[in-house]
Amino acid sequence: MTVKTRFAPSPTGMLHIGGARTALFSWLYARHFGGEFVLRIEDTDKERSTDEATQVILDGLSWLGLDWDGEPIYQGARQDLHIAAVKKMLTHGKAYKCYCSAEELENMREKQRIAGKNTMYDGTCRHLDPNDTSTKDVPYVVRFCSPEEGETWVKDMVLGDVCFPNEEIDDLIILRSDGSPTYNLAVVVDDADMGITHVVRGSDHLNNTPRQIQLYQALDLDVPQFAHIPLIHGADGAKMSKRHGSVAITEYREKGYLPHAMNNYLARLGWSHGDDEVFSRQQLIEFFNLDNVGKGAARFDQDKLDWLNAHWIKSSDAKDLVAEVSYFLALDTSQGPALVDVIPTLQERSKNLIELADGARFFYVAPSEYQEKAVKKNFKEDTWGLLDAFIAKAEAEVWSGQAAHQWIEDICTASGVNMGKLAQPIRILIAGVPVSPPIDITLALLGKEETLTRLQAGIKTLKS
RNA sequence: GUCCCCAUCGUCUAGUCGGCCUAGGACACCGCCCUUUCACGGCGGCAACACCGGUUCGAAUCCGGUUGGGGAUGCCA
């Protein structure tokens, strides 16, 4: 049997970290077995679904490289199928019309709460005579006839076997009074119809599962394998949801994260492969399985994500970073050194692409001001003489980064001071701040002309 | 309230049918080294089996209970 998984988000909120990880696990499972991974947008809640949220789902998954097979499927377009299933159950006596109003239901629940009982539908309409015409003009919903006795077992690939007493499960609504199908019915019909073999989803769906299993059985459909993966909690320990503490996954792209760093981080949140922390995309696909997914919820840890991002930035080919960096740089770089040459000097000192772009900026824009604190610390009485000596050397000799480094060393040695006494002032004058890649590399990239121009302009400014 | 799930360092986790665990790795944190800056890197340190019973020669690993956390309880998905 070929594995077929799906990711079925509802576009009622932004796709966040938790949803992205569910998608990743589902995708990895399918790819690991060479199966299929499909995307199904569950837009049956027309009130809350938005095109914007749908777009974030599509963009987010694309950004992460979680490619889905075929076109995305919109659940709303499959209503006929769902309604047909409801009709079938109705005619087979596996569902019934319920005329209870929202108020009646609320009163019923209130009483149950006070009595300390499980709040569930009491089955008032379950035994009504279907031929009774007195209810003809009253709006109704359709409820599923849930078994009243026995138990329903969920065989979960992550959690193991979980038992639900049937008496705890009430008759759920499968068709709303406006004639639209509800979630539990739609998922079952769609998963079965699409041939989904493994349903990988968040464990917040575990409680729905016994109901869905009953629905599969009532419709005489094959029950898929289930894998409920633990939720991701926010820093406060509570569920991270579209309504609580979540950040749209696309935000991470704007914050300078690499999609693969994101995948690597998300994969390790709940899943492990021995002591390994760093995985390439291929390794993820090769090693991933549901057996090594833990049962406990995990917390989102920004520091570790940052560390992985830094790691993958360091490990990237500079040419693969050019487009992204230039996006964050938002500058015309044609007059300065090639970005592809600048990037390698910054890779090991950037934990995200914004930092990298910020570090590259001075190569293209001369400083308009000099960090006060740095100037105060690095410019002393003898600094001017050292700088003059350096400029004189630069004007007289053949320029190269290596040569410049040598001049600095020679000048400092001759004056009996360490290299920082001259290298730091130069850095501040050309970059505006006391931080840059190694001085020889920086100067080589910046070039003789630009370096001397900035040095002289800076000296003039600081002396006045 | 009721049902369901979970429980190893601050965080992510290793621990696969009990002994090799005086509990390993990673992030973070703290030292030291490297170093012209910022970083990278290297070395070292701090730090956990929630609690109580039981089974066993032996339990982080099995069983029961307690506590704690989470999820669900919708004509949302």
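Residues numbered from 1 in each chain as written. Chains lettered and ligands numbered in written order. Predicted model: local features only at pLDDT ≥ 70, side-chain atom pairs only at ≥ 80, totals over all residues. Heavy atoms only, no water.

S.K.: How should I be thinking about a positive patch on the surface in this particular structure?
M.R.: Among the surface-exposed residues, Lys373, Lys377, Lys380 and Lys421 lie close enough to one another that they form a single positively charged patch. As for its placement among the helices and strands, Lys421 is situated in helix H17 (residues 420-431). The partly exposed category is assigned to Lys421, whose relative accessible area is 39%. (Patch = residues over 30% accessible without salt bridge, like charges linked within 9 Å, V, L, I, M, F, W, Y side chains within 5 Å. Areas by Shrake-Rupley, 256 points an atom, 1.4 Å probe, with all protein chains shown as cover. Salt bridge = Lys/Arg side-chain N within 4 Å of Asp/Glu carboxyl O. Lys, Arg positive; Asp, Glu negative; His and termini not counted. Charge placed at Lys NZ, Arg CZ, Asp CG, Glu CD. Helix = DSSP H or I, 4+ residues; strand = E, 2+ residues; numbered from the N terminus. Buried < 20%, exposed > 50% of the residue type's maximum accessible area, 1.4 Å probe, protein only.)

S.K.: Explain the protein's contact with RNA strand B here, please?
M.R.: Inspection of the region around RNA strand B gives 63 residues, with Asp45, Arg176, Gly270, Arg349 and Arg427 positioned closest. Counted by atom, the contact set of RNA strand B within 4 Å of the protein is 68% sugar and phosphate. One of the side-chain nitrogen or oxygen atoms of Thr119 is found 3.0 Å away from a sugar or linking oxygen of RNA strand B. Of all the secondary-structure elements, those providing two or more residues to the surface near RNA strand B are strand S7 (160-165), strand S12 (298-299), helix H10 (302-315), H17 and helix H18 (439-446). Looking at side-chain class alone, the surface near RNA strand B contains 20 nonpolar, 20 polar and 23 charged residues. (Near = heavy atom within 4 Å. Polar contact = N/O pair within 3.5 Å; in protein donor to acceptor, adjacent residues only side chain to side chain. Nonpolar A, V, L, I, M, F, W, Y, C, P; charged D, E, K, R; others polar.)

S.K.: Explain the pairing of strand S5 (residues 141-144) to me, please; I cannot follow it from the model alone.
M.R.: Sheet faces and side chains relate simply in a regular strand, where the side chains alternate between the two faces. Neither face of S5 is left uncovered, since the one carrying Val141 and Arg143 and the one carrying Val142 and Phe144 both have all their residues buried. In this sheet, strand S8 (residues 173-175) lies alongside S5 in antiparallel orientation, the contact comprising two bridges. Looking across to S8, one finds that Val142 is bridged to Leu175. (Pairing = 2+ DSSP bridges.)

S.K.: Quick question: what am I supposed to make of the packing of aromatic side chains here?
M.R.: Here a ring pair, both rings aromatic, is described through the centre-centre distance and the interplanar angle of the planes. A complete count under the given rule lists 14 aromatic pairs for this structure. Plain terms: the ring middles of Trp271 and Phe279 are 5.2 Å apart, the flat faces sit at 55° to each other, and that makes the pair tilted. For Trp271, a relative accessible area of 1% corresponds to the buried category. For Phe279, a relative accessible area of 1% puts it in the buried group. An aromatic cluster is present here, built from Phe25, Trp271, Phe279, Phe287 and Phe288 joined pairwise through their rings. The ring of Tyr121 is capped by Arg143, whose NZ or CZ atom sits 3.6 Å from the centre of that ring. Residue placement shows Lys255 over the ring face of Tyr252; its charged tip is 5.2 Å from the ring centre. (Phe/Tyr/Trp six-rings, centres within 6.5 Å; stacked < 30°, edge-to-face > 60°. Lys NZ or Arg CZ within 6 Å of the ring centre and 35° of its normal.)

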